[in-house]
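Each chain is listed here by its residues.
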Amino acid sequence: MQYALDRNTYRMAMSYGQYYLDHSYNYENHGFSVEWRRAIDDRNTASVFGLHNRLRFPDPTLQANNVNQPVIGVSWLRALNPAGSTFVNGSTYYGYERDTDSRVDGDRKFWGIKALAKHGFYEKLDVYANVSAQLGDYEKQNVLFQTFRKDRQYDAAIGMIYHFDRNWTLRPQLAYTRNQSNIQTSDYERYDISFTLRRDFR
């Protein structure tokens, strides 16, 4: 839901997702988010946001991974041309992951930064790139590895948005994730190629 009043925009959203691993139901994620966005002037917009997620694993052997995850943050967007088709956006956030079922690493504090740049070449084509970094520290010593887990995750993505119709857009994207962890089983790289088709009803 979204409500706009003068220079202010208020948003609230609810989400639910199910995730499958090797064709088996792995976990679900449900939560909500709120945001207050204010246009400072024609080219600058600031926002404050918060969200709360609940991750739940139905398999009893994985239920130790169940967590509640509140996050708060701030964001700033700067348009680089009068039309607003070219802009940069930066945000920072802080979150806390509360362990609900005796996770071996315990609770987690995390914080991060994100940066996005987008440029409209012409009416039907936009290109964008974003980078982010997130640092997470766990509060309980891992009894198997005899250390406190620390993760450093770095993400980068490039993509384009093609408006092939007034109400339809296609977004191909290439993304890369590098998670550095002092726990070997959590140290990984991920490559992701996606195509998103969107339909607007207006």
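For the structure itself, consult the block above.
Residues numbered from 1 in each chain as written. Predicted model: local features only at pLDDT ≥ 70, side-chain atom pairs only at ≥ 80, totals over all residues. Heavy atoms only, no water.

Caption draft 1: Structural detail: the overall build of the chain. When you go through the chain residue by residue, the secondary structure sums to zero helices and eleven strands. In sequence order, the chain lays out its α and β elements as β-β-β-β-β-β-β-β-β-β-β. If you line up the chain on its principal axes, its C-alpha atoms span 55 × 35 × 30 Å. Residue pairs in contact within the chain that sit at least 24 positions apart in sequence constitute 46% of those at least 6 positions apart. On the chain, roughly 13,200 Å² of surface is accessible, and the fraction owed to carbon and sulfur atoms is 57%. The chain carries 26 positive and 23 negative side-chain charges, and their two centres are separated by 5 Å. (Helix = DSSP H or I, 4+ residues; strand = E, 2+ residues; numbered from the N terminus. Contact = heavy atoms within 4.5 Å. Areas by Shrake-Rupley, 256 points an atom, 1.4 Å probe, with all protein chains shown as cover. Lys, Arg positive; Asp, Glu negative; His and termini not counted. Charge placed at Lys NZ, Arg CZ, Asp CG, Glu CD.)

Caption draft 2: Structural detail: the pattern of salt bridges. Scanning the model with the defined rule gives twelve salt bridges in all. In this structure, Arg149 engages Asp151 in a salt bridge whose closest nitrogen and oxygen atoms are separated by 2.7 Å. Here Arg149 and Asp151 have matching classes, each one buried. Beyond isolated ion pairs, a larger network of salt bridges with shared partners links Arg11, Glu35 and Arg37. (Salt bridge = Lys/Arg side-chain N within 4 Å of Asp/Glu carboxyl O. Buried < 20%, exposed > 50% of the residue type's maximum accessible area, 1.4 Å probe, protein only.)

Caption draft 3: How the structure looks around the environment of Arg7. Tracing the chain through its elements places Arg7 in the loop between strand E1 (2-5) and strand E2 (8-21). Overall, the relative accessible area of 38% leaves Arg7 in the partly exposed class. Separated by 34 residues in sequence, Arg7 and Asp41 place their C-alpha atoms 8.6 Å apart. For Arg7, the residues in contact, after removing those within four places along its chain, are Arg37, Arg38, Ala39, Ile40 and Asp41.

Caption draft 4: A look at the pairing of strand E6 (residues 87-99). Where strand E5 (residues 67-79) meets E6, eleven bridges bridge the pair, whose relative direction is antiparallel. Residue pairing across strands places Asn68 opposite Arg98, the latter belonging to E6. Across eleven bridges, the pairing between E6 and strand E7 (residues 108-122) is antiparallel. Residue pairing for E7: Gly95 is matched across the bridge by Phe110. (Pairing = 2+ DSSP bridges.)

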